[in-house]
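Structural features, examined
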Amino acid sequence: MTHRLLILGGTGEARRLAERALAEFGSRLQVITSLAGRTAEPVPIAGMVRQGGFGGAAGLALYLREQGIDLLIDATHPFADQISRNAAEAAGMTGVPRLALVRPPWRAQPGDRWIEVADANAAATAVRTLGTRIWLTLGTADIEAFAPLTGHWFLVRRVDPPPAPLPLRQVEILLARGPFALEDERRILAGHRIDAVVSRASGGAATVAKLDAAREAGIPVVLIARPPPPPEPTIPSVGEALDWLRARLGA
Ligand code: NAP
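Residues numbered from 1 in each chain as written. Predicted model: local features only at pLDDT ≥ 70, side-chain atom pairs only at ≥ 80, totals over all residues. Heavy atoms only, no water.

Points about the overall build of the protein chain
On a plain count of helices and strands, the protein chain comes out with eight helices and 12 strands. A globule of 251 residues ought to have a C-alpha radius of gyration of about 18 Å, and the protein chain, at 20 Å, matches this closely. Overall, the C-alpha framework of the protein chain stretches about 60 × 35 × 30 Å when taken along its three principal axes. Per-residue burial for the protein chain yields a buried fraction of 46% across its 251 residues. Considering only contacts within the protein chain whose residues lie at least 6 apart along the sequence, 70% involve residues at least 24 apart. Carbon and sulfur atoms form 53% of the exposed surface of the protein chain, whose accessible area is close to 12000 Å². If you average the places of the 28 positive and of the 25 negative side-chain charges in the protein chain, the two averages end up 1 Å apart. (Helix = DSSP H or I, 4+ residues; strand = E, 2+ residues; numbered from the N terminus. Rg over C-alpha atoms; globule rule 2.2 N^0.38 Å. Buried < 20%, exposed > 50% of the residue type's maximum accessible area, 1.4 Å probe, protein only. Contact = heavy atoms within 4.5 Å. Areas by Shrake-Rupley, 256 points an atom, 1.4 Å probe, with all protein chains shown as cover. Lys, Arg positive; Asp, Glu negative; His and termini not counted. Charge placed at Lys NZ, Arg CZ, Asp CG, Glu CD.)

Observations concerning the packing of aromatic side chains
Counted according to the given criterion, the structure contains two aromatic pairs. Taken together, a centroid distance of 5.9 Å and an interplanar angle of 75 degrees make the contact between Phe146 and Phe154 edge-to-face. Taken as a pair, Phe146 and Phe154 share a single burial class, namely buried. Arg157 extends its terminal NZ or CZ atom over the ring of Phe180, reaching a point 3.4 Å from the ring centre. (Phe/Tyr/Trp six-rings, centres within 6.5 Å; stacked < 30°, edge-to-face > 60°. Lys NZ or Arg CZ within 6 Å of the ring centre and 35° of its normal.)

Describing the nonpolar core
Most often, soluble globular proteins have nonpolar side chains that are buried together. By size, the foremost hydrophobic cluster in this structure holds 23 residues, and its most contacted members are Leu5, Ile7, Leu17, Ile73 and Leu245. Elements with a contribution of two residues or more to this core: strand S1 (3–8), helix H1 (12–25), strand S2 (29–35), strand S4 (71–74), strand S5 (98–101) and helix H8 (238–249). No other element matches H8, which puts six residues into this core. Residues contacting Leu245, with those up to four places away along its chain left out, are Leu5, Leu17, Ala21, Phe25, Leu71, Ile73 and Gly250. By size, the runner-up hydrophobic cluster in this structure holds 22 residues, among which are Ala126, Leu130, Leu138 and Ile224. (Core = buried A, V, L, I, M, F, W, Y, C linked by side-chain atoms within 4.5 Å.)

Overview of the packing of helix H2 (residues 56–66) against helix H3 (residues 81–94)
Taken N-terminus to C-terminus, the directions of H2 and H3 make an angle of 50 degrees; their axes are 8 Å apart at the nearest point. Here H2 lies oblique to H3, going by the angle between them. Like other packed secondary-structure pairs, H2 and H3 cross with a definite hand, here right-handed. Two secondary-structure elements touch here, H2 through Gly56, Ala57, Ala58, Leu60, Ala61, Leu64 and Arg65 and H3 through Asn86, Ala87, Glu89, Ala90, Met93 and Thr94. Here the residues of the contact of H2 with H3 are counted per class, giving eight nonpolar, three polar and two charged. (Axes fitted to C-alpha atoms, helices over the stretch in contact; angles between N-to-C directions. Parallel < 35°, antiparallel > 145°, perpendicular 65-115°, else oblique. Left-handed = near helix turned anticlockwise from the far one by under 90°. Nonpolar A, V, L, I, M, F, W, Y, C, P; charged D, E, K, R; others polar.)

Structural notes on the pattern of salt bridges
If you walk through the whole model with that rule in mind, you get 11 salt bridges. The shortest N-O distance in the salt bridge between Arg246 and Glu24 comes to 2.6 Å. With Arg246 in helix H8 and Glu24 in helix H1, the pair connects residues that are 222 residues apart, well separated along the chain. Glu24 sits in the partly exposed class, given a relative accessible area of 34%. (Salt bridge = Lys/Arg side-chain N within 4 Å of Asp/Glu carboxyl O.)

Quick notes on the sheet that holds strand S8 (residues 153–158)
If you trace the six strands from one edge of the open sheet to the other, you get S6-S11-S10-S7-S8-S9, paired in parallel fashion. Each edge of the open sheet is held by one strand with a lone partner, namely strand S6 (114–117) and strand S9 (170–175). Direction aside, the axes of adjacent strands within the sheet are offset by 20 degrees on average. Across the sheet, helix H4 (residues 120–127) lies against S6, strand S7 (133–137), strand S10 (196–200) and strand S11 (221–224), angled at about 165 degrees from S11, the strand it touches most. (Pairing = 2+ DSSP bridges.)

Thoughts on a nonpolar patch on the surface
Residues Val171, Ile173 and Leu175 make up a contiguous nonpolar surface patch of roughly 220 Å² in combined accessible area. Within the fold, Leu175 resides in strand S9. (Patch = residues over 30% accessible without salt bridge, like charges linked within 9 Å, V, L, I, M, F, W, Y side chains within 5 Å.)

Side note on H2
All buried positions along H2 are accounted for by Ala57, Gly59, Leu60, Ala61, Tyr63 and Leu64. Those residues of H2 that are buried lie in contact with S1, S2, strand S3 (48–51), S4 and H3. Backbone geometry just downstream of H2 places Gly68 in the positive-phi region, at approximately 60 degrees.

Concerning the pairing of S11
Neither face of S11 is exposed, since Val221 and Leu223 on one face and Val222 and Ile224 on the opposite face are all buried. The pairing of S6 with S11 spans four bridges and is classified as parallel. Of the residues in S11, the one forming a bridge with Trp114 is Val221. For S10 and S11, the ladder comprises four bridges, and the chain directions are parallel. Across the sheet, residue Val197 finds its bridge partner in S11, namely Val221. In this region the chain leaves S10, passes through helix H7 (residues 209–217) and returns to the parallel neighbour S11; the handedness of that crossover is right-handed. (Right-handed = clockwise from strand over helix to strand, strands pointing away.)

Next comes the structure, spelled out in structure tokens:
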């Protein structure tokens, strides 16, 4: 019997999960990965891919029913909390088993100069005293909070060019797609004479190198706290998501 798995994606973990699930379960499992459609040219993903919102929890529940989805894994980014809430609610409405893959948070190491804040507004307040050349590794919604800092210069790294000008008086945009190596991040910090970095506390390996480079250089990092995690059951890795699938599909 063939089962149908929907992975809510947009992350490296989701991509690896699709690949490993297909490699392991072969024709016993159809894998559909859902992307929000934010990136113009997403990295190729094994299996089927669909794009665009579902229309809230009710829309996702309808999709699960219409597509005959048997299993749902929410492998979205820790800051994508709306879709995670929708996934939990849609699973509740339909009875489709749901698992959330929640990557472990970063942990401070000796030498880190982290300033942990609740949100982007608090981050904008924090950077006022940390120098004038700030690297923002944030999305547009969070960047808005830095608009009043007209005397600061900002570096912003993006996968795609922003669709509209960023609301910052002095800004340079760097186009690049992760994962990023330590050497790349060292070059950015030194080459742009960065005084402080602002990042969301995303966790995971793909973007941790900037924290390693900042620690080496003694540069402060303002970290915006994660939203609360999705409801249980949650697991921290692709390996454990595969265990969950094995338990449902048989080894
Ligand atoms: P969000 O705020 O939690 O979601 C907003 C709306 O976007 C959702 O209600 C849903 O629309 C749609 N959506 C989000 N993820 C979707 C998915 N995987 N498939 C289909 N629809 C989705 O999410 P976000 O922070 O904008 O993130 C969007 C996507 O980018 C996620 O897939 C996430 O994994 C990825 N991503 C996010 C970040 C980040 O920093 N937030 C970083 C890297 C990757 P409907 O209500 O219409 O269904």
